[in-house]
Protein chains: 2
Amino acid sequence: MDADIVETTLQDVRQALDERDITRAVRLLHGLLPPDQADVFEELELDEQRVLLPRLRLPEAADILEELEDEYAALLARRLSPAALARIVDQMEPDEAADLLGDLDAALSTAVLARMEEADEVRPLLVHPDESAGGRMTTEFLAFRESMTVRQALLTMRRTEDHILEVPRLFVADTEGRLVGAVDLYALLRADASTTLGDLMDREIATVHPEDDQEVAARLMLHYDLPVVPVVDAEGCLVGVITGDDLVEVLEEEATEDIQRIGGSEPLGASYLGSSIWSAIRARLGWLVLLLVTTALAGTIMSLYEEQLQEVIILAFFIPMLMDAGGNAGSQTIANVIRALAVGDITLGDALKVLARESRAGLVLGLVLGICAYVIALVWSPGLVALTVGLSVGAVITWANLLGAVLPLFAVRIGQDPALVSGPLLTTIIDVTGLLIYFTIARLVLGI
Amino acid sequence: MDADIVETTLQDVRQALDERDITRAVRLLHGLLPPDQADVFEELELDEQRVLLPRLRLPEAADILEELEDEYAALLARRLSPAALARIVDQMEPDEAADLLGDLDAALSTAVLARMEEADEVRPLLVHPDESAGGRMTTEFLAFRESMTVRQALLTMRRTEDHILEVPRLFVADTEGRLVGAVDLYALLRADASTTLGDLMDREIATVHPEDDQEVAARLMLHYDLPVVPVVDAEGCLVGVITGDDLVEVLEEEATEDIQRIGGSEPLGASYLGSSIWSAIRARLGWLVLLLVTTALAGTIMSLYEEQLQEVIILAFFIPMLMDAGGNAGSQTIANVIRALAVGDITLGDALKVLARESRAGLVLGLVLGICAYVIALVWSPGLVALTVGLSVGAVITWANLLGAVLPLFAVRIGQDPALVSGPLLTTIIDVTGLLIYFTIARLVLGI
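None of the values given here were measured: they were computed from a predicted structure.

Cut-offs and rules
- Residues numbered from 1 in each chain as written.
- Chains lettered and ligands numbered in written order.
- Predicted model: local features only at pLDDT ≥ 70, side-chain atom pairs only at ≥ 80, totals over all residues.
- Heavy atoms only, no water.
- Helix = DSSP H or I, 4+ residues; strand = E, 2+ residues; numbered from the N terminus.
- Buried < 20%, exposed > 50% of the residue type's maximum accessible area, 1.4 Å probe, protein only.
- Contact = heavy atoms within 4.5 Å.
- Buried area = accessible area lost by both parts, 1.4 Å probe.
- Salt bridge = Lys/Arg side-chain N within 4 Å of Asp/Glu carboxyl O.
- Pairing = 2+ DSSP bridges.
- Least-squares fit on C-alpha atoms with pLDDT ≥ 70 in both.
- Axes fitted to C-alpha atoms, helices over the stretch in contact; angles between N-to-C directions.
- Parallel < 35°, antiparallel > 145°, perpendicular 65-115°, else oblique.
- Left-handed = near helix turned anticlockwise from the far one by under 90°.
- Nonpolar A, V, L, I, M, F, W, Y, C, P; charged D, E, K, R; others polar.
- pLDDT = per-residue confidence, 0-100.
- Patch = residues over 30% accessible without salt bridge, like charges linked within 9 Å, V, L, I, M, F, W, Y side chains within 5 Å.
- Areas by Shrake-Rupley, 256 points an atom, 1.4 Å probe, with all protein chains shown as cover.
- Lys, Arg positive; Asp, Glu negative; His and termini not counted.
- Charge placed at Lys NZ, Arg CZ, Asp CG, Glu CD.

**Observations concerning the environment of M221 of chain A**
Residue and element names in this part refer to chain A.
Here is step 1 of the chain: Following the sequence through the fold, M221 ends up in helix 16 (residues 214-224).
Here is step 2 of the chain: Using a relative accessible area of 2% as the deciding quantity, one classes M221 as buried.
Here is step 3 of the chain: Taking the C-alpha atoms as reference, M221 lies 33 Å from N401; in sequence the two are 180 residues apart.
Here is step 4 of the chain: With near-sequence residues (within four places) excluded, M221 lies in contact with L226, P227, V228, V229, I242, T243, G244 and L247.

And the structure:
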């Protein structure tokens, strides 16, 4: 964030490394806060990183591995010895450790786990996919009994490791491990020392299952303003918790994916500079080729009207305007609808409301744009051609607007991500159908 | 979130209201958690809301006003008496209360403030724009002296209102009110009772100023994983804090705005269904008309080449394919670059890196797509026309890809939001310039 500190330190670290003064490089890094350490660290060469990382203090090395892109972290981890790696991974949050180990090959991952002290916290997390609630959760949480008093709870917490306490809520489980309630830290602070947690706790708490999508957990936390959400298995036993920092990460990831999809590529799955140029090209190429073949259809349609076009060549001049107007209107609608679906503003149940709204908006926009197009066309074409253009632009915009709402809703209906229907896909469909509308209206108005 | 509970309760509440049994309607609402209460509430008619709101328990009425869209909350607030409104606003978070009062006219806002008990907490917040750090901050925070012991701090906190304690960090200020440090709640819990806050506190803390953009505060919290960020004035005095729930709101708002801009409309500034259809049309119309006029240029360019087109009419058939291919590639790039800028993956300092990357990606994509286009064109046109099409598609894609990176970076350079350069704007520019490229290549290859 503080670009100056990062930039200055990076130069100093590089100089120290050039002079093979690793101790100074380490000291320079230790002078920064962990997120800034990671920023400096990721600018270094892999070989420099490999030398530096095991020399850093363990908690800081762990923080850096957590902050690095998953791909990079795995690349670097493979260069370390299993023993050195195990010491660092022991200091990572269990969910982050599981993500990293999951990205390594099985032999290395097993070797590291065998050398770890806290392998038991990480092992159960390895079975969950990264993007599920189970993949997001951490096994570091506080779970006490109902009969415990506030005094006992506070004393226990004083003997607990720092980072577990960062969760501002503790959970209450029965003897079978089933979740029965939750107590906020501040409620604990204000309560009488002899009160039991059972008296203090909220009994109605929202939970998620490990196999739920991470977005379900995020939306739940957002809706109920929860600092942390417990993850329970089929028996109702508490197996982990998802914390606020995960919420933010999930929401940011999902927004990024949606934006990339709306733009018409597959999600990069990593940061912009963190992804290789080839993976970025792969994410984009499929859609581009598919859409190219589809738009070739537009050419076929035009060739069907070759005679009319040759007769009234001026009709061709308005094709770019017509196609763009439709594509633009559709692109606005689809972006708004996809986002509204993503943040839960609308659901499939609102489909009729949305379609009614976009039909009306489409008619108004079509009317206004149609008149504009008519006036523009009048400048360099006869009245009937201008009329054709105006009517077509109006019709195409109304149609595009409706389609921009129908397609993402339809995607949800068949269980797909609405953002799969990207702007480019929509534009291509509108262009092909828009030409049909154009030539049909031309035939009716101009009698060609 | 839990659609069933909301739906069922909504029907029951409506039935109760139809039978004029307001007591039952209130009881039904009280059975839900506040976020669900708001979901039910916002489905009711304004007149029903006006009757119900003052009958609800005050903290719950306050929660509902906080959860409602700003526009709706103001609409409803205007229907209440200043005295009733003041009682509810007194229970709102000061920053939310200030947002609401700021949306009312001055006379009503003054009348409400005059009747409020906690007007002093809200008044200083009224001067800050909604989207600044000052507009986001709350004045409810804990600020203690350095010399205070842990025991004293804990005792004070036991006498403090619940919701202030939800902030998991307390601040330390000197006698002038200047911020000197911060202590995490969990550090407090673990410390010896006789330790002073001065011994315990972090002295290096990230701060923002009230006039900073809310996004600056959000990115700082995200980068340093802060649960709360203090807002200090020019003298370094602590004037407020921004909490985690605000962070999430800001990030979600910014992502929504970016998606709407990328789609080619002005941000709606409210939820999809929460905004009126007319404001949605207004947000979209300006861009659509501007882009329509711009694409009319494409027609002008084509008319300059009217003779050539009439000679080789088949050239016209490939115009939609050419335009879409360029637009699609540009749209992918711009979405990726805008998002990378928004999340801080890249800054203006990375401009050369980004341009190098997108030039290379553009060349590769142009080569592949150009060959595809050549093959497609061969199906129904002579070899030289197909060559023209292939070369043009290749050139346009390379050009579009570069432009998709240059334009948002340029927007940042001149101090604008990169998302202002939307997909539709880019597409329009590419279409006009793409036609020039096409006809130039046609002239060279076909000699027309």
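**Observations concerning the interface of chain B and chain A**
Quoted interface sizes are often the accessible area lost when the parts come together.
Here is step 1 of the chain: The interface is formed by 111 residues belonging to chain B together with 111 residues belonging to chain A.
Here is step 2 of the chain: Summing both partners gives a buried area of about 10100 Å² for chain B against chain A, and 66% of it is carried by carbon and sulfur.
Here is step 3 of the chain: With its nearest N and O atoms 3.4 Å apart, the salt bridge here joins R284 of chain B to E358 of chain A.
Here is step 4 of the chain: By residue number, the principal contributor to the side of chain B that touches chain A is helix 18 (residues 277-304) of chain B, which donates 19 residues.

**Considerations on the sheet that holds strand 1 (residues 143-144) of chain B**
Through backbone hydrogen bonds, the strands of a sheet pair up, either in parallel or in antiparallel fashion.
Residue and element names in this part refer to chain B.
Here is step 1 of the chain: An order of 1-2-3 is seen for the three strands of this open sheet, with the pairing classed as mixed. Across the chains shown, the open sheet's two edge strands, defined by having one partner strand only, are strand 1 and strand 3 (179-184).
Here is step 2 of the chain: Note: strand 1 against strand 2 (residues 169-173), two bridges, orientation parallel. Looking at the pairing, F144 lines up with V172 of strand 2.

**Overview of the environment of V337 of chain A**
Here is step 1 of the chain: Turning to its location among the elements, V337 of chain A is positioned in helix 21 (residues 319-342).
Here is step 2 of the chain: Residues V337 of chain A and T433 of chain A, spaced 96 residues apart in sequence, show a C-alpha to C-alpha distance of 21 Å.

**Observations concerning unusual backbone geometry**
All names here are of chain B.
Here is step 1 of the chain: Even without being glycine, R20 reaches a positive phi, approximately 55°.
Here is step 2 of the chain: Topologically, R20 is positioned in the loop between helix 1 (3-18) and helix 2 (22-30).
Here is step 3 of the chain: Backbone geometry at D225 places phi at a positive 55°, although glycine is not the residue there.
Here is step 4 of the chain: Structurally, the position occupied by D225 is in the loop between helix 16 (214-224) and strand 4 (228-232).

**So, the relation of the copies chain B and chain A**
Here is step 1 of the chain: With an RMSD of 0.1 Å, the operation that places chain B on chain A is a rotation of 180° combined with a shift of 0.0 Å along the axis. Here the copies are linked by what is in effect a two-fold axis.
Here is step 2 of the chain: Here 100% of the contact residues of chain B are again contact residues in chain A; the copies associate through an equivalent surface.

**Looking at the packing of helix 17 (residues 244-263) of chain A against helix 21 of chain A**
Residue and element names in this part refer to chain A.
Here is step 1 of the chain: Between helix 17 and helix 21, the shortest axis-to-axis distance is 11 Å and the interhelical angle comes to 155°. The pairing of helix 17 with helix 21 is recorded here as roughly antiparallel in orientation. Pair helix 17 / helix 21 crosses with right-handed handedness. Of the residues in helix 21, those touching helix 17 at A255, D258 and I262 are A335, I338, R339 and A342.
Here is step 2 of the chain: Within the contact of helix 17 with helix 21, the residues separate by chemical class into five nonpolar, no polar and two charged.

**Structural notes on the sheet that holds strand 2 (residues 169-173) of chain A**
Residue and element names in this part refer to chain A.
Here is step 1 of the chain: The three strands are arranged 1-2-3 in an open sheet whose pairing can be described as mixed. Two strands bound the open sheet, and with one partner strand each, they are strand 1 (143-144) and strand 3 (179-184).
Here is step 2 of the chain: Here strand 2 runs beside strand 3; their pairing, made up of five bridges, is antiparallel. Looking across to strand 3, one finds that R169 is bridged to D184.

**Details of the confidence of the model for chain A**
Residue and element names in this part refer to chain A.
Here is step 1 of the chain: Per-residue confidence for chain A gives a mean pLDDT of 88; residues scoring 70 or more make up 98%.
Here is step 2 of the chain: Ranking the elements of chain A by mean pLDDT puts helix 13 (residues 162-165) last, at 63, and helix 23 (residues 383-413) first, at 94.
Here is step 3 of the chain: Across the interfaces of the predicted complex, the ipTM metric reaches 0.80, alongside a pTM of 0.80.

**Digging into the pairing of strand 3 of chain B**
Here is step 1 of the chain: For strand 3 of chain B, a buried count of five out of six residues is recorded, marking the element as mostly surrounded by other parts of the structure.
Here is step 2 of the chain: Between the antiparallel neighbours strand 2 of chain B and strand 3 of chain B lie five residues, among them G177 of chain B with a positive phi of about 90°.

**A look at a negative patch on the surface**
Here is step 1 of the chain: A cluster of acidic residues, D225 of chain A together with D4, E7, E42, E43, E67, E93, E166 and D245 of chain B, forms a negative patch at the surface.
Here is step 2 of the chain: For E43 of chain B, the position within the fold is in the loop between helix 3 (34-41) and helix 4 (46-52).
Here is step 3 of the chain: Take E43 of chain B: its relative accessible area is 35%, and that puts it in the partly exposed class.

**Digging into the pattern of salt bridges**
Here is step 1 of the chain: Throughout the structure, instances matching the rule amount to 40 salt bridges over all chains.
Here is step 2 of the chain: A salt bridge links E60 of chain A to R57 of chain A, with the shortest nitrogen-to-oxygen separation between them at 2.7 Å.
Here is step 3 of the chain: Overall, E60 of chain A belongs to the buried group, its relative accessible area being 12%.
Here is step 4 of the chain: Linking R219 of chain A and E252 of chain B is a salt bridge whose minimum nitrogen-to-oxygen distance equals 3.0 Å. Taken together, the residues span two chains, with R219 of chain A in helix 16 and E252 of chain B in helix 17 (residues 244-263). For the residue pair R219 of chain A and E252 of chain B, the accessibility class agrees, reading buried in each case.
Here is step 5 of the chain: Through salt bridges with shared partners, a single network forms among R136, D246, E249 and E253 of chain A.

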